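Residues per chain, in single letters:
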Amino acid sequence: MGRRRRRRRVDPADATRALPEAIAALSQTLPAGPSPETFRRAKFDRPEAAPALWRLLFRVLSPQLADGASASFSPEAQVRSVKLALRTQGYPRRALAQLPDDGSQGGRELLLALAWLLARGPLPERLLTQNRVQLGDEMPVCECEALASPGPPAPSVEADGCVDIRHLQWLMGKLRFRWRNLMASQQEQCALLGKIHSYTRGCHSDRSLGHLSVTETELLRDPEGGRQLLRRLERENARLQAALEWRRRELVFWRWMDTVLGACPPEASQPTFLPRIPTPGTGALEPLVRELQALQGELREAVEARRVAWEAGVGGRGPEWSAARTALREAVGQDLAALRQACERGGSCSLAQPHGPHRLVRTEAGAPGGPGLRAPEVIEALRSQEARLEVVLRQLQGQCRQELARLVGAPPGPVWILPPGR
Amino acid sequence: MDTTVTLLAGSSRRLVAELRDALDSCAERQRQLERSLRVSRRLLRAWEPAETLAPEPTPGPETNEEAPSAACIPSPQDLKELELLTQALEKAVRVRKGISNAGEGNKAPSLKSGSIATSPATRASAPPSTSHRAGSRASETKPPRGIRQTRVPTKDLPEHRLLSVGDQACMGQGAGATKPKSGLRNEQIVLSAASQAPEAFTLKDKGILLQLPEAFRKAASRNSRLWAQLSSTQTSDSVDAATTAKTQFLQKMQTTSGWPGSRLSATEVEAEVRHLQKACLLLRLRMGEELTADPKDWMQEYRCLLTLEELQAIVGQCLHRLRELCTVVEQQLGPWPEGRFPRASLPCGGGADPIWSPQLLLYSSTQELQTLAALRLRVAMLHQQIHLEKVLMAELLPLVSKQEPLGPPWLALCRAVHSLLCEGGQRFLTILREDKPAD
């Protein structure tokens, strides 16, 4: 590693080089990054810069598309998609929305949009993470991915009419069947992984890993695939290197962006004009409102019942009572502090659990092992989660049972014979 | 009862959509799992030398009996050429070395410290002379392809019968290109298994002989080093200055725009809603714990009471926030458009310190791994079941209360609804009805 140069007085030669180098690094780390020259032209709003920047923004805003897939979108579709995505994220300038759809103009505005995205979060790192080359056998230890599925499902295009409830029963049965299959396949996969890991123990050059993963073994079996993997890895390395470069040099880019922003005419403010931005309508929020209200209702009932019992009981009297009460209040406050924080705006609901994908490494039973999560701990955490979720499910089912019993009414109605106990 | 029980159109659409969503996400998981399974099963079978376009054979446990069938067989002419070449090389070796030591045709590839060569398809006419380990050797057996490259520097290697990988799918073609290759470091060694009924390579028997190619190792270690550098928070002056510059830039963008400031973007609204959904579940979980706890003395009783009150307060705050969001949505934002735009995915857990590359998870036995995986699936399934339960409750319970009671269709509906809501659709109850004598 070279020594860091102390930046005291930047001499002009350095200064003129610094910006293109920073932009070059940025361009290399982003997918489909254009040349520094394009950026310069964009500052002066030259039309030839626009298409490349539209393409870049499209790739950046829809990273889940594979490399080749973006070609299947026409330029107009790309432009519209970019506009929609930026508005959704709250891009503050109106000028972007007013750019023509054919993608022929708007270099400077697009440059501002890119800078806006870069300023709001670690964009290059995020993009790199999403399309990361996976060398190990990875398993997520949390279910955040699954839970982050899109909200209201798209209505199916089936017949709009009524549906027999038996169709619902059939769908539920199908779902149960699929879960069972999934479980069986998963068990098989774990068994195979275990074998592969133990058959290749000691083969890895990295001692902390010890054995090969499926990907690594596969590259040995299939050299052509191995070469492709190597190429992807090298490309990723180049992009990672560029990202580090970018982080070192980005300050000069931001100074330059100030000048770009300064070159734009200020937007006339029209306070009465509020364009519509697509979101889930309040309809989509209704279920959550109902849920929270239901939860509130249950809690209210529980609290009232317990208060009544408390007042009628014998505890909580006497002189030392108030001191004890204060102490208890404090204890409860502390107990729930983490929960309260998680529920607050901006809090993280991670519940101090492990998160994210982890690379599986097989070790000997007694070995101390290096850094990393241990499977028994994760199993413990999952078991306790399972138990809590089961409690919730039983409660919900219990509520339904009570509600149905109420609806069916008292005798002389029909007699319900419940299925044999669990 | 032969009555069909139908549902209202509106709720049925939502219910079917939710169930289909659940089915689809299951199917997606299954697809991914199947892909991994295919790869893993193939790895545990005998490895075939010509792997290109090999069709998926019947899945089976590892076998190490038959010779792998080559997808292409070298032509007789190629074989002849190769044989001639081999003989010439052998002669050269003999002439050069003069002595041949032990290492007479080591049958099995030596372990990692040694080196390997592959033998061409010719019959092992004369066991190639071998010399000491420092030299190079040609063994007549067929180490599987893709095995480790030689550690030993091989400068002089006419005796190496090595076929460089990947240029040929088929040994026959490779014969022409068989140059004694030195410096095999960066190549994998390919072996074809034509006529000699070679031992097939199986991971079980010879897995520990594998070694990753050098180029890959270098790239992989560079990769993990770079990721580590990216993850580490650099607290240098330049980083802080950049952060300040970015904040200022964003502010300027806001002020030069024509729109009033501090509006919530759609993405932010969505993120908050999801956050509140998670919060709701957390609160419900905690409430569940408190309700099932059994207080043993009055202090615990009071504590339980206080906890529930506190939970109630938090729920109230969440509801308040949600209502604020509803107002924002109504006033500023519009209806949901056709189609869905891509959603920015954040690292899960949303921690302040995102770790960009995966960490390790150490396990010690297959059983442990299976338990872990099974529990993870179980938790996912429970989440889904809870979600479906809430949806079903919201749609089906009103249905039961609206219909005309006590007719046979209604009873059938009740029975079906009960099964769906209370037994997860798995069990059904029996309804006994007292028939009026005269009907």
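The rules we used
Residues numbered from 1 in each chain as written. Chains lettered and ligands numbered in written order. Predicted model: local features only at pLDDT ≥ 70, side-chain atom pairs only at ≥ 80, totals over all residues. Heavy atoms only, no water. Helix = DSSP H or I, 4+ residues; strand = E, 2+ residues; numbered from the N terminus. Buried < 20%, exposed > 50% of the residue type's maximum accessible area, 1.4 Å probe, protein only. Contact = heavy atoms within 4.5 Å. Areas by Shrake-Rupley, 256 points an atom, 1.4 Å probe, with all protein chains shown as cover. Buried area = accessible area lost by both parts, 1.4 Å probe. Salt bridge = Lys/Arg side-chain N within 4 Å of Asp/Glu carboxyl O. Nonpolar A, V, L, I, M, F, W, Y, C, P; charged D, E, K, R; others polar. Pairing = 2+ DSSP bridges. Core = buried A, V, L, I, M, F, W, Y, C linked by side-chain atoms within 4.5 Å. Domains from an automatic or database assignment. Phe/Tyr/Trp six-rings, centres within 6.5 Å; stacked < 30°, edge-to-face > 60°. Polar contact = N/O pair within 3.5 Å; in protein donor to acceptor, adjacent residues only side chain to side chain. pLDDT = per-residue confidence, 0-100. Expected span 1.5 Å × (residues − 1).

Participant: In this structure, what is going on with the overall build of chain A? I would like to understand it.
Facilitator: Within chain A one finds 14 helices and four strands. Within chain A, buried positions represent 45% of all 422 residues. Sequence-distant contacts, at least 24 apart, represent 69% of the contacts inside chain A between residues at least 6 apart. With the model as given, the accessible surface of chain A reaches about 21,200 Å², and the carbon-plus-sulfur share is 54%.

Participant: I keep staring at the interface of chain B and chain A and nothing clicks. Help me out?
Facilitator: Note: interface size is frequently given as the accessible area lost on complex formation between the parts. Contacts between the two partners involve 208 residues from chain B, matched on the other side by 218 residues from chain A. Summing both partners gives a buried area of about 21,300 Å² for chain B against chain A, and 69% of it is carried by carbon and sulfur. Inspection of the chain B/chain A interface yields 14 salt bridges. For R378 of chain B, the salt bridge identified is with E390 of chain A, shortest N-O distance 2.5 Å. Looking at the side of chain B that touches chain A, the element that brings in the most residues is helix α9 (residues 366-402) of chain B, giving 30 residues. Here the side of chain B that touches chain A is built from residues that sort into 114 nonpolar, 49 polar and 45 charged. With five bridges connecting them, strand β2 (residues 357-362) of chain A and strand β1 (residues 359-363) of chain B associate as parallel partners. Bridging across to β1 of chain B, R359 of chain A finds its partner in L360 of chain B.

Participant: Help me understand the nonpolar core, please; the structure alone is not making it clear to me.
Facilitator: Generally speaking, nonpolar side chains in soluble globular proteins are found buried as a group. Counting residues in hydrophobic clusters, the biggest one holds 89 residues, and the most contacted among them are F216, L396 and L421 of chain B. If you tally residues by element for this core, the top one is α9 of chain B, at 18 residues. Looking at which domains feed residues into this core, each of domain 1 (12-136 + 213-263) and domain 2 (178-212) of chain A supplies at least three. If sequence neighbours within four positions are ignored, F216 of chain B has contacts with L135, E216, L219, L229, L230 and L233 of chain A.

Participant: Would you take a moment to explain the packing of aromatic side chains for this structure?
Facilitator: A ring pair, where both rings are aromatic, is described by two values, the distance of the centres and the angle of the planes. Under the definition given, this model contains twelve aromatic pairs over all chains. Aromatic pair W246 of chain A and F253 of chain A: ring centres 5.2 Å apart, planes at 75 degrees, arrangement edge-to-face. Each member of the pair, W246 of chain A as well as F253 of chain A, is classed as buried. For the ring pair W321 of chain A and W298 of chain B, a centre distance of 5.5 Å and an interplane angle of 65 degrees mean the geometry is edge-to-face. Residue W321 of chain A is found in helix α12 (residues 320-335), and its partner W298 of chain B is found in helix α8 (residues 298-332); the two belong to separate chains. An aromatic cluster of at least three residues, connected via ring pairs, comprises W246, F253, W254 and W256 of chain A together with F249 of chain B.

Participant: So what exactly am I meant to see when it comes to the pairing of β1 of chain B here?
Facilitator: Each regular strand shows side chains that alternate between the opposite faces of the sheet. Counting buried residues in β1 of chain B gives four out of five residues, a clear majority hidden from the surface. Relative to β1 of chain B, strand β3 (residues 373-374) of chain A runs parallel, the two being bridged by two bridges. Note on β1 of chain B: the bridge partner recorded for R374 of chain A is L362 of chain B.

Participant: What exactly am I supposed to notice about the domain arrangement of chain A here?
Facilitator: All names here are of chain A. You can read the domains of chain A as domain 1 (12-136 + 213-263) and domain 2 (178-212). Each of domain 1 and domain 2 has a C-alpha centre, and these two points are 36 Å apart. For the pairing of domain 1 and domain 2, the buried interface totals around 410 Å² over both sides, and the portion due to carbon and sulfur atoms is 69%. Taken together, the links from domain 1 to domain 2 amount to zero salt bridges. In this assembly, domain 1 and domain 2 are joined by one residue pair in polar contact (both at pLDDT 80 or more). Residues belonging to the side of domain 1 that touches domain 2 are distributed by class as follows: two nonpolar, two polar and one charged.

Participant: What exactly am I supposed to notice about the pattern of salt bridges here?
Facilitator: It is possible for side chains bearing opposite charge to pair when their charged atoms get close. All names here are of chain A. Taken as a whole and judged by the stated rule, the model has 43 salt bridges over all chains. With its nearest N and O atoms 2.9 Å apart, the salt bridge here joins D101 to K83. Here D101, found in the loop between α4 (75-89) and α5 (107-120), pairs with K83, found in helix α4; they are 18 residues apart in sequence, far enough to count as distant. In this structure K83 comes out as buried when scored by relative accessible area, which is 11%.

Participant: Explain the confidence of the model for chain A to me, please; I cannot follow it from the model alone.
Facilitator: Predicted coordinates in areas of low pLDDT are best not read in detail. Per-residue confidence for chain A gives a mean pLDDT of 82, with 81% of residues at or over 70. Mean pLDDT in chain A bottoms out at helix α7 (residues 144-147) of chain A, which sits at 63, and peaks at helix α8 (residues 165-199) of chain A, which reaches 93.

Participant: Explanation requested: unusual backbone geometry in the structure shown.
Facilitator: Trans peptide bonds make up most of the peptide bonds, and negative phi angles are found at most residues other than glycine. Positioned with a positive phi, A32 of chain A is a non-glycine residue whose angle comes to about 60 degrees. Counting through the fold element by element, A32 of chain A comes out in the loop between α1 (12-29) and α2 (36-43).

Participant: Would you mind showing me how to read helix α10 (residues 408-422) of chain B here?
Facilitator: Structurally, the α-helix is built with 3.6 residues per turn, so residues lying three or four positions apart point the same way. Residues and elements named next belong to chain B. End to end, α10 covers 21 Å across 15 residues, agreeing with the expected 21 Å (1.5 Å per residue, within 8%). Most of α10 sits inside the fold, with twelve of its 15 residues counted as buried. Those residues of α10 that sit buried are W410, L411, A412, L413, C414, A416, V417, H418, S419, L420, L421 and C422. A positive phi of about 60 degrees marks G424, the residue just after α10.

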